[in-house]
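Read off the chains here:
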Amino acid sequence: MDAIRITGGVPLSGEIVIGGAKNAALPLMAATLLTDKSLTLINMPELMDITTMSNLLRQHGARIDQSALAPDARSGVAGSGVAGSGVAGAGEAGTTGRSMTLTTECITNVTAPYDLVRRMRASVLVLGPLLARRGEAKVSLPGGCAIGTRPVDMHLKALESLGAKIQLKEGYIHATAPGGLKGANVVFPKVTVGGTENLLMAAALAAGDTILENAAREPEIGNLAECLNAMGAKITGIGSGTLRIRGVQALHGARVAVMPDRIETGTYAIASAITRGRITLKGTRFDLLESVFSAMRQAGVSIEPVPGGVVVAAENGLAGVDVMTEPYPGFPTDMQAQWMALMATADGASMITETIFENRFMHVPELTRFGADVNVHGASAIIRGRKKLSGAPVMATDLRASSSLILAGLAAEGETLVNRIYHLDRGYERLEEKLGGCGARIERIIGA
């Protein structure tokens, strides 16, 4: 099993190119199940979760081709919108030059097996598309990081509102729509990103109109909605808590850009701040992470938007700042562990309150191995910053916890060894290379 070794204490300086968002790419990939035409995704990241979703879609009948875009093909993506460009979802940021074309002419298998779904919770996103196009789906109850129960109950109840018949049997969701899905008014009892994505895809092919109230507002959902509209769907209210979908009989192909990864953006922004360095983050957008950047500015970090990116610098001491995780546009739960690492090096005390996942403080015991002063009280953690952290051997427990340990290691004096980094590879592409390019003394140890 691989590990990452870091010799910390080096202020980082340089440029890091932000890749396409994993949490946007996965539902976009699932959208191929809604049409027999080709869907081309631009700015695709190369991650374990993308490979897992590719394998799942292939066994449903998808054909997947990957390639690097020619420079002239990339030039039309940056700054493009849907209208007139043929490219949906692109922002001001450029692309990495990787594309993926998915074609599902025929769904050959409606079963999403346990062996694949257990590796990644986002696999449940095939449920809505399979049900909408084939009228049947058998999807294993999902697995993934052990940071909370994250039940799919809201997905299932919402699909039942569209006319689906749901049974849970032998660890699988058995869903059928014998009379086809029909539009309905769906009110989510609490904000659910995956539930909103599943229902958006299902409702796109449902008969009549669907209204999703208390829908999640994350930019990744906007990316999916723009993609579906580019494929011929009729969705309005994008970016709000109320989405209206007028069902159509069929969708066609499209060419869609994956938005920049805002969590990767935030992680490398904190890498700059925690080492008291200066990094230019290229290929991303300030507006995708305003809540985190606002907290960083309060802490004393300089955040400056520039054309095609953001410059993050923290050459002086930082102050503790309290945050509470909330659904978008609030402070994202996926940045909570990284924020804790930063606050462990700030002056004074700070508090983090986690409202999304009940088990998302599992990184705390590992951070204390660096000498961090963290005390957990229920859903809140009190952090008292220290002048120095010390390198230590630590073990990652989930994807974002992995990155928090990397960040602490970058700031700590001496050597850090981060074990069980397979979590990290699910969501961060070429992390050692990107940080190493900014002066970090970091290396991967194969089979440690």
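Bear in mind the structure is a predicted one, so any value in this text is a computation, not a measurement.

Rules and cut-offs
- Residues numbered from 1 in each chain as written.
- Predicted model: local features only at pLDDT ≥ 70, side-chain atom pairs only at ≥ 80, totals over all residues.
- Heavy atoms only, no water.
- Helix = DSSP H or I, 4+ residues; strand = E, 2+ residues; numbered from the N terminus.
- Rg over C-alpha atoms; globule rule 2.2 N^0.38 Å.
- Buried < 20%, exposed > 50% of the residue type's maximum accessible area, 1.4 Å probe, protein only.
- Contact = heavy atoms within 4.5 Å.
- Areas by Shrake-Rupley, 256 points an atom, 1.4 Å probe, with all protein chains shown as cover.
- Lys, Arg positive; Asp, Glu negative; His and termini not counted.
- Charge placed at Lys NZ, Arg CZ, Asp CG, Glu CD.
- Salt bridge = Lys/Arg side-chain N within 4 Å of Asp/Glu carboxyl O.
- Core = buried A, V, L, I, M, F, W, Y, C linked by side-chain atoms within 4.5 Å.
- Pairing = 2+ DSSP bridges.
- Axes fitted to C-alpha atoms, helices over the stretch in contact; angles between N-to-C directions.
- Parallel < 35°, antiparallel > 145°, perpendicular 65-115°, else oblique.
- Nonpolar A, V, L, I, M, F, W, Y, C, P; charged D, E, K, R; others polar.
- Left-handed = near helix turned anticlockwise from the far one by under 90°.
- pLDDT = per-residue confidence, 0-100.
- 1 Å grid on protein atoms, 1.4 Å probe; cavity = no way out; pocket = protein on both sides within 12 Å on 5 of 7 lines; lining within 4 Å.
- Points joined across faces, edges and corners; volume = space filled by probe spheres on them.
- Phe/Tyr/Trp six-rings, centres within 6.5 Å; stacked < 30°, edge-to-face > 60°.
- Lys NZ or Arg CZ within 6 Å of the ring centre and 35° of its normal.

### Digging into the overall build of the protein
When you go through the protein residue by residue, the secondary structure sums to 15 helices and 25 strands. A compact globule built from 448 residues should have a C-alpha radius of gyration of about 22 Å, and the protein, at 22 Å, falls within 12% of that. Taking the principal axes of the C-alpha coordinates as reference, the protein spans close to 65 × 50 × 40 Å. The burial tally for the protein puts 56% of its 448 residues in the buried class. Residue pairs in contact within the protein that sit at least 24 positions apart in sequence constitute 76% of those at least 6 positions apart. Accessible area for the protein stands at about 16600 Å²; split by element, carbon and sulfur atoms hold 49% of it. Measuring between centres, the 43 positive side-chain charges of the protein sit 3 Å from its 42 negative side-chain charges.

### Quick notes on the pattern of salt bridges
Note that side chains of opposite charge can pair when their charged atoms are close. By the definition in use, this model includes 23 salt bridges. Its salt-bridge partner being Asp 49, residue Lys 22 comes within 3.2 Å of it at the nearest N-O pair. Taken together, the positions of Lys 22 in helix α1 (residues 22-30) and Asp 49 in helix α2 (residues 48-60) put the pair 27 residues apart, joining distant regions of the chain. Assessed through its relative accessible area of 6%, Lys 22 is described here as buried. Between Asp 115 and Arg 119 there is a salt bridge; the shortest N-O distance is 3.2 Å. Salt bridges sharing partners connect three or more residues here, namely Asp 2, Asp 425, Glu 432 and Arg 444.

### What to know about the nonpolar core
Counting residues in each nonpolar core, the largest one holds 81 residues, and the members touching the most others are Met 29, Leu 200 and Leu 228. Ignoring anything within four residues of it in the chain, the contact list for Leu 228 reads Ala 31, Leu 34, Leu 200, Met 201, Ala 233, Ile 235 and Leu 251. Phe 293, Ala 314, Ala 381 and Ile 406 belong to the second largest nonpolar core, which has 65 residues in total.

### Some words on the sheet that holds strand β11 (residues 185-187)
Strands sit in the order β11-β12-β14-β13 across an open sheet of four strands; the sheet is mixed. Every interior strand has two partners, whereas the edge strands, β11 and β13 (234-236), have only one. Looking at each pair of strands side by side, their axes are set apart by 15° on average, direction ignored. Where helix α7 (residues 193-204) meets the sheet, its contacts fall on β12 (209-213), β13 and β14 (242-246), and the angle it forms with β14 comes to roughly 25°.

### Some points on the packing of helix α9 (residues 262-274) against helix α11 (residues 336-343)
Between α9 and α11, whose axes approach to 10 Å, the crossing angle comes to 5°. On the basis of their axis angle, the class for α9 and α11 is roughly parallel. Touching Ile 263, Thr 267, Ile 270, Ala 273 and Ile 274 of α9 are Gln 338, Trp 339, Ala 341 and Leu 342, all from α11. Tallied by class, the residues present in the contact of α9 with α11 amount to seven nonpolar, two polar and no charged.

### Some thoughts on helix α6 (residues 153-161)
Those residues of α6 that sit buried are Met 154, His 155, Leu 156, Ala 158 and Leu 159. Buried-residue contacts for α6 involve α5 (127-134), β9 (165-169), β10 (172-176), β11 and α7. At the exit of α6 stands Gly 163, carrying a positive phi of roughly 105°.

### Regarding unusual backbone geometry
In the segment running from Tyr 328 into Pro 329, the intervening peptide bond is cis, with an omega of 15°. Within the secondary structure, Pro 329 sits in the loop between β19 (323-324) and α11. Unlike most non-glycine residues, Glu 170 shows phi in positive territory, near 55°. Within the secondary structure, Glu 170 is located in the loop between β9 and β10.

### Concerning the packing of α1 against helix α8 (residues 219-230)
Contact geometry for α1 and α8: axes closest at 9 Å, N-to-C directions at 30°. What the angle tells us is that α1 and α8 run roughly parallel. As for how α1 packs across α8, the hand of that crossing is right-handed. Judged by residue contacts, Asn 23, Ala 24, Pro 27 and Leu 28 of α1 engage Glu 220, Asn 223, Leu 224 and Cys 227 from α8. Looking at the contact of α1 with α8, its residues break down into five nonpolar, two polar and one charged.

### Brief notes about the confidence of the model for the protein
Chain-level statistics for the protein give a pLDDT mean of 91 and a share of 91% at 70 or above. Overall, residues 90-94 carries pLDDT values under 50, and its contacts beyond four positions in sequence, including any with other chains, amount to 18 contacts. Scored below 50 in pLDDT, residues 144-150 makes 23 contacts in the model with residues more than four places away or belonging to other chains.

### Focus: the environment of Glu 220
Checked against the element boundaries, Glu 220 lands in helix α8. Distance from Glu 220 to Ala 164, taken between C-alpha atoms, is 26 Å for residues 56 residues apart in sequence. Look past the residues within four positions of Glu 220 in its chain and what remains in contact with it is Asn 23, Ala 24, Met 259 and Arg 262.

### Structural notes on the layout of surface pockets
By volume, the second largest pocket is sized at about 230 Å³. Along the wall of the second largest pocket there are 13 residues; nearest its centre are Gly 9, Ile 274, Arg 276, Lys 387 and Ala 411. Class assignment of the residues belonging to the lining of the second largest pocket gives a composition of six nonpolar, three polar and four charged.

### With respect to the packing of aromatic side chains
All chains considered together, the criterion is met by two aromatic pairs. Both rings, one in Phe 286 and one in Phe 293, keep their centres 5.2 Å apart while their planes meet at 25°; by these two values the pair is stacked. Summarising the aromatic geometry, the rings of Phe 331 and Trp 339 are spaced 5.7 Å apart at their centres and angled 70° between planes, so their arrangement reads as edge-to-face. Neither Phe 331 nor Trp 339 differs from the other in exposure class; each is buried. It is Lys 138 that lies over the ring of Tyr 172; its NZ or CZ is 5.1 Å from the centre.

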